[in-house]
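Architecture at a glance
Here's the letter readout for the chains.
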Amino acid sequence: MKAIPYGRQHIDQTDIDAVVSTLQADFLTQGPKVQEFENKFADYVGSKYAVAVNNATSGLHLAVLALGLKEGERVITTPITFAASANCVRYAGGEVWFADIDPDTYLLSIESTKKLINSKPKGFFKGIIPVDFAGLPVNLEAFRDLANEHDLWIIEDACHAPGGYFSDSKGVKQMCGNGNYADIGIFSFHPVKHIACGEGGMITTNSEKLYKRLSSLRTHGITKEDMAENHGGWFYEMQELGYNYRLTDIQSALGITQLTKNKAGVARRNDIANNYKQAFNGKVKFQSLPDGNLNAHHLFVVEVDDRKGLYDFLRTHHIYAQIHYIPVHTLPYYKEIGYGSTDLSKSENYYSRCISLPMYPTLSNEEQGFVIEKVLKFVNG
Ligand SMILES: *Cc1c(COP(=O)(O)O)cnc(C)c1O
């Protein structure tokens, strides 16, 4: 029997053709495809600027640097995320403080974040990194109000959510990563995410100043801008210590063709989610969906009493469900350096019960029916 993973990429002939023609062109890296991908991605999410990078982890690193995070400065994020959302703060020598999640949306709780901020003197924290977990957009309007009150920046970790949106208080749809409420948005093109580049990431922003800083930091901190006239065409300056975090033209060509399929992919993911919800309604708890939101559904998470039992049972039927995530504050590295003593019991309780079921556009109705049948069989005993 064919194995059913929790997620998988979808590569078709148009993707293959795009990569092959880039291999036959003049540039392998830093060519026209990078810029085209950046422009198309910015158009798609509705941001002014986009900066392509070699993966989202690099994107997060550049984001905290561009926002000026310094050693010892403190940033708040959620424990229910991939470690990279927190690690970027450590790269810059900052402290990661965790606030708890909402037990129904599984997103960073605004109340818990407020409580943590208010328990400390003014100026204690520098920024917040909310995560659009599983593809469900964070209400960034609410976080912006809180951030403005305390002079904080916001990095939206939108790695799970290209194509998702929430509706703000005026009823306007706000696409994930559009930069209207967060300072910077981050996306990943790891094959398990919506858009596969092998490795890859995108940083979005509406700030020209941040855009320039991010572009410079991506390429060693080197710039040539406006220098040819005074010094000659070869001239460049290294103005700060940057990195080589560039995406290649080959990956960008793949990213462009993958991006064109994302809208349909998100729609199919939502069909799959609706099938699960219909089957599980009243029997198995799943992530709630606030009004006016489109969940991009990187994942479909359910909660069960005997999570390990279900995980093992599904594996005997070649269904490879996955767990997202082990709370970051309980990972040995963070346990050792742990800051604060915030109550994170909702995150810990969620982790003891969560399991991500197969969710990807090419999952067939038959395969999904098989998954649903096995989950219900296990839950009903
Ligand atoms: C995948 C992921 C990342 C890191 O992405 P990479 O492209 O693999 O570096 C960061 N944050 C979240 C929430 C992710 O899911």
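Structure: see above.
One structure accompanies this document, and this report is about it.

Rules used throughout
- Residues numbered from 1 in each chain as written.
- Predicted model: local features only at pLDDT ≥ 70, side-chain atom pairs only at ≥ 80, totals over all residues.
- Heavy atoms only, no water.
- Helix = DSSP H or I, 4+ residues; strand = E, 2+ residues; numbered from the N terminus.
- Rg over C-alpha atoms; globule rule 2.2 N^0.38 Å.
- Buried < 20%, exposed > 50% of the residue type's maximum accessible area, 1.4 Å probe, protein only.
- Contact = heavy atoms within 4.5 Å.
- Core = buried A, V, L, I, M, F, W, Y, C linked by side-chain atoms within 4.5 Å.
- Phe/Tyr/Trp six-rings, centres within 6.5 Å; stacked < 30°, edge-to-face > 60°.
- Lys NZ or Arg CZ within 6 Å of the ring centre and 35° of its normal.
- Pairing = 2+ DSSP bridges.
- Axes fitted to C-alpha atoms, helices over the stretch in contact; angles between N-to-C directions.
- 1 Å grid on protein atoms, 1.4 Å probe; cavity = no way out; pocket = protein on both sides within 12 Å on 5 of 7 lines; lining within 4 Å.
- Points joined across faces, edges and corners; volume = space filled by probe spheres on them.
- Parallel < 35°, antiparallel > 145°, perpendicular 65-115°, else oblique.
- Nonpolar A, V, L, I, M, F, W, Y, C, P; charged D, E, K, R; others polar.
- Salt bridge = Lys/Arg side-chain N within 4 Å of Asp/Glu carboxyl O.
- Polar contact = N/O pair within 3.5 Å; in protein donor to acceptor, adjacent residues only side chain to side chain.

On to the overall build of the chain. Helix and strand counts for the chain come out as 14 helices and 16 strands. For 381 residues, the compact-globule estimate of 2.2 N^0.38 gives 21 Å, and the chain sits close to it at 21 Å. Taken along the three principal axes of its C-alpha coordinates, the chain extends 75 × 55 × 45 Å. Counting over 381 residues, the chain shows a buried share of 54%. Considering only intrachain contacts with a sequence separation of at least 6, the fraction spanning at least 24 residues in the chain is 75%.

The omega angle of the peptide bond from H324 to Y325 is -5 degrees, so this bond is cis rather than trans. If you trace the backbone, Y325 turns up in the loop between β15 (319–320) and α12 (332–337). At Q30, a position not held by glycine, the phi torsion is positive, near 50 degrees. One can find Q30 in the loop between α1 (13–23) and α2 (32–45).

A few words on the nonpolar core. F133, Y276, F280 and L314 are the most contacted members of the largest nonpolar core, which totals 60 residues. The set of elements that each furnish at least two residues to this core consists of α5 (110–118), β5 (125–129), α6 (140–150), α10 (262–280), β14 (300–303), α11 (307–316), β16 (354–357) and α14 (365–380). A per-element tally of this core places α10 first, with 5 residues. Apart from residues lying up to four places away in sequence, F280 is in contact with F286, F300, V302, L357, I372, V375 and L376. In this structure, F98, I155, C159 and I203 belong to the second largest nonpolar core, which totals 33 residues.

This paragraph deals with the packing of aromatic side chains. Within this structure, the stated rule accounts for 21 aromatic pairs. Look at F124 and F125: their rings are 4.9 Å apart centre to centre, the planes differ by 75 degrees, and that puts the pair in the edge-to-face class. Owing to a relative accessible area of 16%, F124 belongs among the buried residues under this scheme. Their ring planes at 40 degrees and their centres at 6.1 Å tell us that F286 and F300 sit as a pair that is tilted. With F286 in strand β13 (residues 285–286) and F300 in strand β14, this pair connects stretches of sequence that are 14 residues apart. A connected cluster of aromatic rings, assembled from ring pairs, spans F82, Y106, F133, Y325 and Y350. Positioned above the aromatic ring of F124, the side-chain terminus of R74 is 3.7 Å from the ring centre. Positioned above the aromatic ring of Y351 is the side chain of R307, whose terminal nitrogen or guanidinium carbon lies 4.8 Å from the ring centre.

On to the sheet that holds β16. Taken in spatial order, the 3 strands make up an open sheet running β13-β14-β16, and their pairing is antiparallel. For this open sheet the edge positions go to β13 and β16, each flanked by a neighbour on one side alone. Sheet topology places β14 next to β16; 4 bridges connect them, and they run antiparallel. The residue bridging F300 from the neighbouring strand is L357, located in β16.

Turning our attention to the pairing of β14. Because side chains alternate across β14, one face comprises the buried residues F300 and V302, and the other comprises V301 and E303, equally buried. Note that β13 and β14 share 2 bridges and pair antiparallel. In the sheet register, F286 faces β14, and the bridge partner there is V302.

Let us now look at the sheet that holds β5. One open sheet accounts for 7 strands, arranged β2-β10-β9-β6-β5-β3-β4; its pairing is mixed. Each of the sheet's edge strands pairs with one partner strand only, and the pair in question is β2 (49–53) and β4 (95–98). Direction aside, the axes of adjacent strands within the sheet are offset by 25 degrees on average. Running at roughly 145 degrees to β4, helix α4 (residues 84–91) makes contact with β3 (74–77), β4, β5 and β6 (153–157) of the sheet.

Before going further, it helps to examine the layout of surface pockets. In this structure, the largest pocket encloses a volume near 510 Å³. Around the largest pocket sit 22 residues that line it, and S215, S216, R218, T219 and I222 are the ones nearest its centre. Listed by contribution, the elements that provide at least two residues to the lining of the largest pocket are α2, β2, α7 (208–218) and β11 (222–223). A total of 6 residues in the lining of the largest pocket trace back to one element, the largest contributor, which is α7.

It is worth spelling out the packing of α5 against α6 at this point. Each pair of packed helices can be summarised by the angle the axes make with each other and by the distance between the axes. Axis separation between α5 and α6 bottoms out at 11 Å; the angle between their running directions is 5 degrees. With respect to α6, the element α5 is oriented roughly parallel. Together, I110, T113, K114, I117 and N118 of α5 and A142, F143, L146 and H150 of α6 make up the contact between the two elements. Of the residues belonging to the contact of α5 with α6, the class tally is 5 nonpolar, 3 polar and 1 charged.

Let's shift gears to the pattern of salt bridges. Under the criterion given, the structure shown has 16 salt bridges. Of the charged contacts, one joins R218 and E38 as a salt bridge, the two residues approaching to 2.8 Å between their closest N and O atoms. Note that R218 is positioned in helix α7 and E38 in helix α2, a separation of 180 residues in sequence. The pair R218 / E38 is uniform in exposure class, with both members buried.

The next subject is α6. Every buried residue belonging to α6 is among L140, E141, F143, R144, L146, A147 and H150, and all of these are buried. Looking at the buried residues of α6, the elements they touch are α5, β5, β6 and β7 (165–167). Of the residues flanking the start of α6, the one acting as N-cap is N139, its side-chain oxygen 3.1 Å from the backbone nitrogen of E141. Looking one or two residues beyond α6, the residue adopting positive phi is D151, at roughly 60 degrees.

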